[in-house]
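# Chains, contacts and geometry: an overview
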Amino acid sequence: FIGIWEGIIASLKNQNRVGTAENYQWALNSFLKIVGMVKGFLVDKNVIEKWNDVMKNGVERNGVLVGKIADATRGMYLRTCRVVWNECIRQGYLPEDRYPFSNKDNNLISIPRGKHRQQSYLSIDEMTELYKVFVGKKYPESWSKTYKQRAHESLGLFLAQYFCNGFNLADEGRLKYNHTYFAEGGKAFEFLRKKTSARSNSMSQVIVPIIEPLKVILDEIAAKPEKDVYVFPQIFHGIEDEGIRRKLTVQENSNIKDRLNRISKEVLHWDKQPSGTWARHSFATNLKLAGVEEMYISESMGHSIGNDITAGYQDQYPL
């Protein structure tokens, strides 16, 4: 069982899916820490229940509660384990009648669902206010010149995420002036979503219309258009190693969040703390509220048709 788990991690690394491989490794580390090494395929519902219980409630060791983690992380770890279990069934190592997971059968292990991110969005009016800050460079005099420049660039990267169909920073760093950009006369970007490009998912291809506000941002913080040049080289600094790129993405996301929060609080006086992920939620929600069809929103975001992922980004009942 552990070997299958490690094999999946190795396979993900070979596919350059570094972030996913890390998640699987963290889940395995947690499993081994709580359950310990299991022999062969001597794993059943009781073993998974023990692991799940400690993750959910913690365990007292030397008078200290340890092992308890957030439900979102617990859910991610259990989903990882479920993938491993399914692979063991596929290879004939575990029988289907020992399957331990179900969100319907109370006798089996329920995997907690992640919280919907519907309230983590900015309206069109709020996005417009942020855009006006970017265009007017309206930053406090108390900020140093260097910090103003960094905050300005982070705001630009965030707004570009919103205008580019809500793509994430990993996609933003990989965006290039490719054939589509020049074939369309600089009117559109085309890219494959990093998150889904490794899977057999034709919907991972995304087309982004370059509307005027996006063009303003590109003129300000993007590289000059040249064939196969990265649009935002400041994210990865020319580094191609996926492990290092992963770390740079995490760091830049943190920078964007910190600087956005300061802009929100000190410039716009909002009682909100947006982060990079809000760009994607805002894109989906604002299209929904504008009456755009669900299928179009799903396609524009690179989601598979027929699933309900897009709904998790939409606030259908705004105040």
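All of the points below concern the structure found in this document. (Residues numbered from 1 in each chain as written. Predicted model: local features only at pLDDT ≥ 70, side-chain atom pairs only at ≥ 80, totals over all residues. Heavy atoms only, no water.)

### Re the overall build of the chain
Along the backbone of the chain there are twelve helices and four strands. A buried classification covers 46% of the 319 residues belonging to the chain. For the chain, restricting intrachain contacts to residue pairs at least 6 apart in sequence, the fraction spanning at least 24 positions comes to 61%. In the structure as shown, the chain presents an accessible area of about 17,500 Å², 49% of it carried by carbon and sulfur atoms. (Helix = DSSP H or I, 4+ residues; strand = E, 2+ residues; numbered from the N terminus. Buried < 20%, exposed > 50% of the residue type's maximum accessible area, 1.4 Å probe, protein only. Contact = heavy atoms within 4.5 Å. Areas by Shrake-Rupley, 256 points an atom, 1.4 Å probe, with all protein chains shown as cover.)

### A few points about the packing of aromatic side chains
Overall, the coordinates contain 18 aromatic pairs when judged by the stated rule. A centroid spacing of 6.1 Å and a plane angle of 65° characterise the contact between W5 and W51, whose relative ring orientation is edge-to-face. Of this pair, W5 sits in helix α1 (residues 2–14) while W51 sits in helix α3 (residues 45–57), placing them 46 residues apart in sequence. One aromatic cluster is present, built from ring pairs that chain together F1, W5, F31, W51, W85, Y99 and F101. It is K176 that lies over the ring of Y230; its NZ or CZ is 4.8 Å from the centre. (Phe/Tyr/Trp six-rings, centres within 6.5 Å; stacked < 30°, edge-to-face > 60°. Lys NZ or Arg CZ within 6 Å of the ring centre and 35° of its normal.)

### A word on the packing of helix α2 (residues 18–34) against helix α10 (residues 242–267)
Two numbers describe how α2 lies on α10: the axes approach to 9 Å, and their chain directions differ by 85°. Taken as axis vectors, α2 and α10 run roughly perpendicular relative to one another. For the pair α2 and α10, the contacting residues are V18, G19, E22, N23 and W26 in the first and E242, G243 and R246 in the second. Residue classes in the contact of α2 with α10 are distributed as two nonpolar, three polar and three charged. (Axes fitted to C-alpha atoms, helices over the stretch in contact; angles between N-to-C directions. Parallel < 35°, antiparallel > 145°, perpendicular 65-115°, else oblique. Nonpolar A, V, L, I, M, F, W, Y, C, P; charged D, E, K, R; others polar.)

### Looking at the pairing of strand β4 (residues 205–209)
Across the two faces of β4 the burial differs, with V206 and V208 buried and Q205, I207 and P209 not buried at all. Bridge count between strand β3 (residues 188–192) and β4: five bridges; the pairing is antiparallel. Looking at β4, one finds that F191 is bridged to V206. (Pairing = 2+ DSSP bridges.)

### Considerations on the nonpolar core
By size, the foremost hydrophobic cluster in this structure holds 50 residues, and its most contacted members are L130, F189 and F232. Those residues within four positions of F189 in sequence are excluded, and the remaining contacts are C164, L175, K176, Y177, Y181, V206, I207, V208, I210, L214, L218 and V231. Membership of the second largest hydrophobic core comes to 32 residues, among which are L12, V35, C81 and I109. (Core = buried A, V, L, I, M, F, W, Y, C linked by side-chain atoms within 4.5 Å.)

### Thoughts on α10
Taking 1.5 Å of rise per residue, 26 residues should cover 38 Å, and α10 covers 36 Å from first to last C-alpha, within 8% of that figure. Looking at the buried positions of α10, the neighbouring elements they touch are α2, α5 (124–136), α6 (145–163) and α7 (169–174). The backbone nitrogen of G243 has a side-chain oxygen 3.0 Å away, supplied by the residue at the start of α10, namely D241. (Expected span 1.5 Å × (residues − 1). Polar contact = N/O pair within 3.5 Å; in protein donor to acceptor, adjacent residues only side chain to side chain.)

### Notes on the pattern of salt bridges
For side chains bearing opposite charge, pairing can occur when the charged atoms are close. Considering all chains together, one arrives at 13 salt bridges under this definition. The partner of K148 in a salt bridge is E141, and the shortest N-O contact between them spans 3.9 Å. The exposure class assigned to E141 is exposed, which follows from its relative accessible area of 71%. Residues R245 and E240 are paired through a salt bridge, measuring 3.0 Å at the closest nitrogen-oxygen approach. Taken together, the shared-partner salt bridges in this structure form one network comprising R174, E240, E242 and R245. (Salt bridge = Lys/Arg side-chain N within 4 Å of Asp/Glu carboxyl O.)

### Section: helix α9 (residues 212–221)
Of all the positions in α9, only L214, I217, L218 and I221 are classed as buried. Relative to the axis of α9, the buried residues are bounded by an arc of 100° and lie together on one face. With respect to the buried face of α9, the exposed residues turned more than 90 degrees away are E212 and D219. The elements touched by buried residues of α9 are α5, α6, β3 and β4. (Arc of directions from axis to C-beta.)

### Remarks on the packing of α1 against helix α4 (residues 71–90)
Relative to each other, α1 and α4 sit at 110°, their axes nearing to 9 Å. Relative to α4, the element α1 lies roughly perpendicular. When α1 is examined against α4, the residues I4, W5 and I8 are found in contact with a partner set consisting of T80, C81, V83, V84, E87 and C88. Within the contact of α1 with α4, the residues separate by chemical class into seven nonpolar, one polar and one charged.

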